[in-house]
Amino acid sequence: MKGFWRFLLQKNLTREWLKGVHYAVFGLGDSSYQKYNFAAKKLDKRLSDLGAKAIIERGLGDDQHPSGYEGTLDPWMSALWSSLYHKNPKLLPNGPDVLVPESTLIDQPRIQIIYHDAEREPPLSTATDLKYLEMHIERARLMTPGKFSGKNRPDSFLKMTKNHLLSRADSGKDVRHFEFEAVTSSIDYEVGDVLEVLPGQSPAAVDDFIQRCNLNPESYITVQPKDKENHGLLNHSMTPVKLKSFVELTMDVASASPRRYFFEVMSFFATAEHEQERLQYFASPEGRDDLYQYNQKERRTVLEVLQDFPSVQMPFEWLVQLVPPLKTRSFSISSSPSAHPNQVHITVSVVSWTTPYKRTRTGLCSSWLASLDPQQRVFIPAWFSKGCLPAPPPSLPLILIGPGTGCAPFRGFVEERAMQSRTAPTAPIIFFFGCRRENDDFLYRDFWLAHSQKNGVLSEGKGGGFYVAFSRDQPRKVYVQHKIREQSTKIWNLLTQGAAVYVSGSANKMPSDVLSAFEEIISTKSGVSREEALRWIRTLERAGKYHVEAWS
Ligand code: 2AM
């Protein structure tokens, strides 16, 4: 996509360049993010600026829509088929009133599974089992067609050394501090980076899934594309992997919900009539809202769906293609590598919620991590990557805003700067933290307070500061943006000294509320309009001085 976008941005392209080209854009987005469907909007505009013509109006899928993104996708698809049909009826021999053209439905899987005679497992010993795990992960991910781009081999295997509760027990929040050490290659990251963890799955769920599919967990398989031309990373010489490991390491059978297409394909394999009818209904536009209730709202897992429709026996090729991939989960790193050599720390809110039918669901990775005991020998495959928060040089003044677990990267920033300040003068940092109650979820309280004391990197004496908003300790909500407004003079001074702003935390309304507070301060202090103040911030953004890392 980046290559394509860069290509479209070339300066020498004229406004006529795409004349005669027709296109349609549908974006996948989430309106709780500030830059909602940004890529789709920009792409649509650029294509049209270059002279291409949109066949139908741009569609914007929204995860916040009451029926999921399909709520916008379905009408958009109908408009697309109808427009294509009117341009050329031959394209859709069954007419424009289809959800998905028939040809897609009867498409056979693009892969084949080859079963091998049992291989002898290498003997498991302390020295070899890590190598064995690494080999399995790499092979299994390599064989999963089109699902894992980028790195298959983990950067490192980690062992948990600390699992510590940061919030008060019974506070209604379960926020953990986890520490890890590398067991293989050394750990290499900068503050502000992201740790990606491949979570483990419940072994019982993996066994149940394999049994439900009538497969032999001990058999060895390779997964290959049917189309020999289209090999990509896969090749014939690939060593087989145990079926059970393949499922365990790549297929999310007990956490993610399957997509609508899964139900459509299931309907073809259902042998009981009532099941087939229900599956067809779920897959139809009329059944969309009921499917959303059954599937996404209740967060039905692949295993549960298969168990609800016992007459369906789907071949493994289809399952490999359609079951959601077991994905790594990303966490902002909350340590500084110079303060904790060969360690990495993360700060995690353990996710759990109740569905409309009052079933408790938990987040796969956060609850798996919380269940680990540092005494156990569990090796965690991990990758390091760059997030949206570049490591700041010691001379850059910083304004940090991180309510809740949004404080994670800033613990790393403060640790790093404290290390740097031992040998040379460093620029000031002010940090705005927010939580519900002082006694419940004031994460890393002692750490922030210690660094705010005399000569600390957050101390007033060094031009810094630490401000905390307890939202629920009084009748009126107090949030980080209120504390930011209270410190407008200090913020304005730091901005005029060239400070960088870093915002991190839940994507709900926080980043945009914080942005408004900055707009207000800039507009009041410099006497410009709000629009002008916003342009000022956009300039800061382009200059790499306003960063946001947000998640939901
Ligand atoms: P609340 O849950 O009491 O509304 C960390 O999650 C903190 O961020 C909590 O104190 C939470 O408050 C607060 N928070 C919620 N919405 C916010 C917003 N729009 N801006 C800033 N902080 C917010």
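Residues numbered from 1 in each chain as written. Predicted model: local features only at pLDDT ≥ 70, side-chain atom pairs only at ≥ 80, totals over all residues. Heavy atoms only, no water.

The name an unreviewed UniProt entry assigns to the chain is NADP-dependent flavoprotein reductase, from the organism Handroanthus impetiginosus.

Under the criterion given, the structure shown has 25 aromatic pairs. Here the aromatic rings of Phe-413 and Tyr-502 are separated by 5.1 Å at their centres, their planes lie at 80°, and the arrangement is edge-to-face. Within this pair, whereas Phe-413 is found in helix 14 (residues 408-420), its partner Tyr-502 is found in strand 19 (residues 500-506), the two being separated by 89 residues in sequence. The residues Phe-413 and Tyr-502 share a single accessibility class, namely buried. With centroids separated by 5.0 Å and ring planes inclined at 80°, the aromatic side chains of Phe-447 and Trp-448 adopt a geometry described as edge-to-face. Taking the relative accessible area as the measure of exposure, Phe-447 reaches 17% and is therefore buried. The buried category is assigned to Trp-448, whose relative accessible area is 0%. The structure contains a cluster of three or more aromatic residues connected by ring pairs, namely Phe-410, Phe-413, Phe-431, Phe-433, Phe-442, Tyr-444, Phe-447, Trp-448, Phe-466, Phe-470 and Tyr-502. When the ring centre of Phe-38 is taken as origin, the NZ or CZ atom of Lys-35, which lies over that ring, is 5.1 Å away. (Phe/Tyr/Trp six-rings, centres within 6.5 Å; stacked < 30°, edge-to-face > 60°. Helix = DSSP H or I, 4+ residues; strand = E, 2+ residues; numbered from the N terminus. Buried < 20%, exposed > 50% of the residue type's maximum accessible area, 1.4 Å probe, protein only. Lys NZ or Arg CZ within 6 Å of the ring centre and 35° of its normal.)

Bringing the UniProt feature "domain: Flavodoxin-like" (unreviewed entry) in the chain into the picture now. Sites flagged by UniProt as "domain: Flavodoxin-like" (unreviewed entry) map to residues 1-81. The span residues 1-81 shows a helical share of 38% and a strand share of 15%, and its end C-alpha atoms are spaced 25 Å apart. (UniProt positions renumbered as here; feature names shortened; annotations may be inferred.)

It is worth spelling out the environment of Pro-145 at this point. Here Pro-145 is to be found in the loop between helix 5 (126-142) and strand 6 (156-165). Remark: the alpha-carbon pair of Pro-145 and Ala-169, spanning 24 residues in sequence, is separated by 43 Å. In this view, Pro-145 contacts Ile-111, Val-223 and Val-320; residues no more than four positions away in its chain are not counted. (Contact = heavy atoms within 4.5 Å.)

Glancing now at the site of the ligand. Neighbouring the ligand are 14 residues, the closest being Ser-471, Arg-472, Lys-477, Tyr-479 and Asp-513. Here a nitrogen atom of the ligand sits 3.0 Å away from a polar atom, N or O, in the side chain of Gln-481. Residue Asp-513 places a side-chain N or O atom 2.9 Å away from a nitrogen atom belonging to the ligand. Relative to its unbound accessible area of 480 Å², the ligand is 80% covered by the protein chains. (Near = heavy atom within 4 Å. Polar contact = N/O pair within 3.5 Å; in protein donor to acceptor, adjacent residues only side chain to side chain. Areas by Shrake-Rupley, 256 points an atom, 1.4 Å probe, with all protein chains shown as cover.)

Spatial ordering of the open sheet is given by 11-8-15-6-7-12, a layout of six strands whose pairing is antiparallel. Two strands bound the open sheet, and with one partner strand each, they are strand 11 (329-332) and strand 12 (343-349). The mean inter-strand angle of the sheet, taken between neighbouring strand axes irrespective of direction, is 40°. In terms of strand pairing, strand 7 (residues 175-182) meets strand 12 through seven bridges, oriented antiparallel. Paired with Arg-176 across the two strands is Val-348, which belongs to strand 12. (Pairing = 2+ DSSP bridges. Axes fitted to C-alpha atoms, helices over the stretch in contact; angles between N-to-C directions.)

By the secondary structure assignment, Trp-318 is in helix 12 (residues 316-322). Separated by 208 residues in the primary sequence, Trp-318 and Arg-110 place their C-alpha atoms 9.0 Å from one another.

With that settled, the discussion passes to the domain arrangement of the chain. Buried accessible area, meaning the area lost when the parts come together, often serves as the stated size of an interface. Each domain of the chain was delimited in the assignment, giving domain 1 (2-98) and domain 2 (398-551). Computed from C-alpha atoms alone, the centre-to-centre distance between domain 1 and domain 2 is 38 Å. The interface of domain 1 with domain 2 comprises four residues on the first partner and nine residues on the second. Together domain 1 and domain 2 conceal approximately 450 Å² of surface at their shared face, both sides included; 45% is due to carbon and sulfur atoms. Among the residues of domain 1 in contact with domain 2, Ser-32, Tyr-33 and Gln-34 are the three that bury the most area, contributing 87% of the side total. At the junction of domain 1 and domain 2, the tally comes to zero salt bridges. At the junction of domain 1 with domain 2, the criterion picks out zero residue pairs in polar contact (both at pLDDT 80 or more). Across the side of domain 1 that touches domain 2, the residue classes break down as one nonpolar, two polar and one charged. (Domains from an automatic or database assignment. Buried area = accessible area lost by both parts, 1.4 Å probe. Salt bridge = Lys/Arg side-chain N within 4 Å of Asp/Glu carboxyl O. Nonpolar A, V, L, I, M, F, W, Y, C, P; charged D, E, K, R; others polar.)

If you look at the biggest cluster of nonpolar residues, it comprises 49 residues, and the most contacted ones within it are Phe-209, Phe-246, Met-251, Phe-262, Phe-316 and Leu-319. Looking at this core, the element that brings in the most residues is helix 12, giving five residues. Among all residues touching Leu-319, those that are not within four sequence positions of it are Phe-209, Cys-213, Met-251, Phe-262, Leu-306 and Met-314. (Core = buried A, V, L, I, M, F, W, Y, C linked by side-chain atoms within 4.5 Å.)

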